[in-house]
Amino acid sequence: EPEVTQTPSHQVTQMGQEVILRCVPISNHLYFYWYRQILGQKVEFLVSFYNNEISEKSEIFDDQFSVERPDGSNFTLKIRSTKLEDSAMYFCASLVSGGIAEAFFGQGTRLTVV
Amino acid sequence: AQKVTQAQTEISVVEKEDVTLDCVYETRDTTYYLFWYKQPPSGELVFLIRRNSFDEQNEISGRYSWNFQKSTSSFNFTITASQVVDSAVYFCALSRIAGANSKLTFGKGITLSVRP
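What you see is a predicted model; the values in this text were computed from it and never measured.

With that settled, consider the overall build of chain A. In terms of helices and strands, chain A carries zero helices and eleven strands. The order of α-helices and β-strands along chain A, N terminus first, is β-β-β-β-β-β-β-β-β-β-β. Against the 2.2 N^0.38 benchmark of 13 Å for 114 residues, chain A shows a C-alpha radius of gyration of 13 Å, consistent with a compact globule. Each principal axis of the C-alpha distribution contributes one length, and for chain A these read about 40 × 25 × 25 Å. Taking all 114 residues of chain A together, the buried fraction comes to 49%. Within chain A, counting contacts between residues at least 6 apart in sequence, those at least 24 apart form 53% of the total. Accessible area for chain A stands at about 5600 Å²; split by element, carbon and sulfur atoms hold 46% of it. For chain A, the separation between the mean place of its 9 positive charges and that of its 14 negative charges on side chains is 4 Å.

The structure is reproduced here in structure tokens:
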């Protein structure tokens, strides 16, 4: 069964450093998402991406965040200057067609900022 | 704006008990999807069910059943004869149907502990 793959599974970084979280969505999917889950809290929407541009972003997704799909297969989330409060589980999701099917989630990347 | 409320935060039951997880939602959309996801201790999100707002039929899948009531904006989830492996955090979620804006809005989750 096709799946969304995220790497790394766990990343530890120093405050102020840049991190890139990587996702390989399912190949025929068109819509891509990043979600964040701070430990013990709910899953929160960060950004959606369609047709090579951001279609929607939340208030969490400020200027330190960026996304891109550099090569037609990977979908990345970059955090330019990490803060302690960026420590969370980050989930990538993809959808074959807007609203037609459930989003497939990757297994998550646990980011720890020290 | 969309909102999902899971008023229960933690539930503890003994194995083989039935348990119902409540979910109440708010949306101005006339059509939408409702979901339940399971998050086991390993952390991944496991899709359980999607329900279209057009379809108010209840659904049963093995020990799992879902009760969707549009009149009360509720989408409750019942586990029959619970098992230790059901221990997890369960999230209810809501999305729009159309287009790129079909992001998921999650509730805060319910931690279910099933004791042997």
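Now that the structure is up, let's keep going.
Counting 25 residues, the largest nonpolar core has Leu21, Trp36, Trp66, Phe77, Tyr90 and Leu112 of chain B as its most contacted members. Mapped onto this core, the elements with two or more residues apiece are strand S2 (10-14), strand S3 (19-21), strand S5 (32-39), strand S6 (46-52), strand S8 (64-69), strand S9 (74-79), strand S10 (88-96) and strand S12 (110-115) of chain B. When residues in this core are grouped by element, the largest group, four residues, is from S10 of chain B. Among the nonpolar cores identified, the runner-up in size contains 22 residues, and Cys23, Phe49, Ile60 and Leu77 of chain A belong to it.

Residues and elements named next belong to chain B. In this structure the tally under the stated criterion is two disulfides over all chains. A sulfur-sulfur distance of 1.9 Å marks the disulfide that ties Cys23 to Cys92. The S-S bond linking Cys23 to Cys92 shows a torsion near -65°; that makes this disulfide left-handed. One end of the pair, Cys23, is in the loop between S3 and strand S4 (24-26); the other, Cys92, is in strand S10, and 69 residues separate them in sequence. Residue classification places Cys92 among the buried residues on the basis of a relative accessible area of 0%.

Residue and element names in this part refer to chain A. Here the structure, examined in full by the defined rule, presents 26 aromatic pairs over all chains. Seen from their ring centres, Phe32 and Phe75 are 5.5 Å apart, and the 40° between their planes marks the pair as tilted. In this pair, Phe32 sits in strand S4 (residues 31-37) while Phe75 sits in strand S8 (residues 75-79), placing the two residues 43 residues apart along the sequence. Phe75 carries the same exposure label as Phe32, and that label is buried. With a centroid separation of 5.3 Å and 40° between ring planes, the pair formed by Phe49 and Phe75 is classed as tilted. Highlighted residues: Phe49 in strand S5 (residues 43-50) and Phe75 in strand S8, separated in sequence by 26 residues. One exposure class covers both Phe49 and Phe75, and it is buried.

The next subject is the environment of Arg50 of chain B. Residues and elements named next belong to chain B. One can find Arg50 in strand S6. Accessibility expressed as a relative area gives 28% for Arg50, which makes it partly exposed. For the pair Arg50 and Tyr33, spaced 17 residues apart in the sequence, the C-alpha separation amounts to 6.5 Å.

It is worth spelling out the interface of chain A and chain B at this point. Listed by partner, the interface residues are 23 residues for chain A and 21 residues for chain B. Contact between chain A and chain B buries roughly 1700 Å² in total, counting both sides, with carbon and sulfur atoms accounting for 56%. The largest per-residue losses of area from chain A upon contact with chain B belong to Lys42, Glu102 and Phe105 of chain A, which jointly make up 27% of the total buried on that side. Along the contact surface separating chain A from chain B lie one salt bridge. As a salt-bridge pair, Glu56 of chain A and Lys103 of chain B come within 2.8 Å of each other at their nearest N and O atoms. On inspection of chain A and its partner chain B, the count reaches four residue pairs in polar contact (both at pLDDT 80 or more). The set of elements that each furnish at least two residues to the side of chain A that touches chain B consists of S4, S5, strand S6 (53-57) and strand S9 (88-95) of chain A. A per-class count over the side of chain A that touches chain B returns 13 nonpolar, seven polar and three charged.

Conventions adopted
Residues numbered from 1 in each chain as written. Chains lettered and ligands numbered in written order. Predicted model: local features only at pLDDT ≥ 70, side-chain atom pairs only at ≥ 80, totals over all residues. Heavy atoms only, no water. Helix = DSSP H or I, 4+ residues; strand = E, 2+ residues; numbered from the N terminus. Rg over C-alpha atoms; globule rule 2.2 N^0.38 Å. Buried < 20%, exposed > 50% of the residue type's maximum accessible area, 1.4 Å probe, protein only. Contact = heavy atoms within 4.5 Å. Areas by Shrake-Rupley, 256 points an atom, 1.4 Å probe, with all protein chains shown as cover. Lys, Arg positive; Asp, Glu negative; His and termini not counted. Charge placed at Lys NZ, Arg CZ, Asp CG, Glu CD. Core = buried A, V, L, I, M, F, W, Y, C linked by side-chain atoms within 4.5 Å. Disulfide = S-S within 2.5 Å. Phe/Tyr/Trp six-rings, centres within 6.5 Å; stacked < 30°, edge-to-face > 60°. Buried area = accessible area lost by both parts, 1.4 Å probe. Salt bridge = Lys/Arg side-chain N within 4 Å of Asp/Glu carboxyl O. Polar contact = N/O pair within 3.5 Å; in protein donor to acceptor, adjacent residues only side chain to side chain. Nonpolar A, V, L, I, M, F, W, Y, C, P; charged D, E, K, R; others polar.

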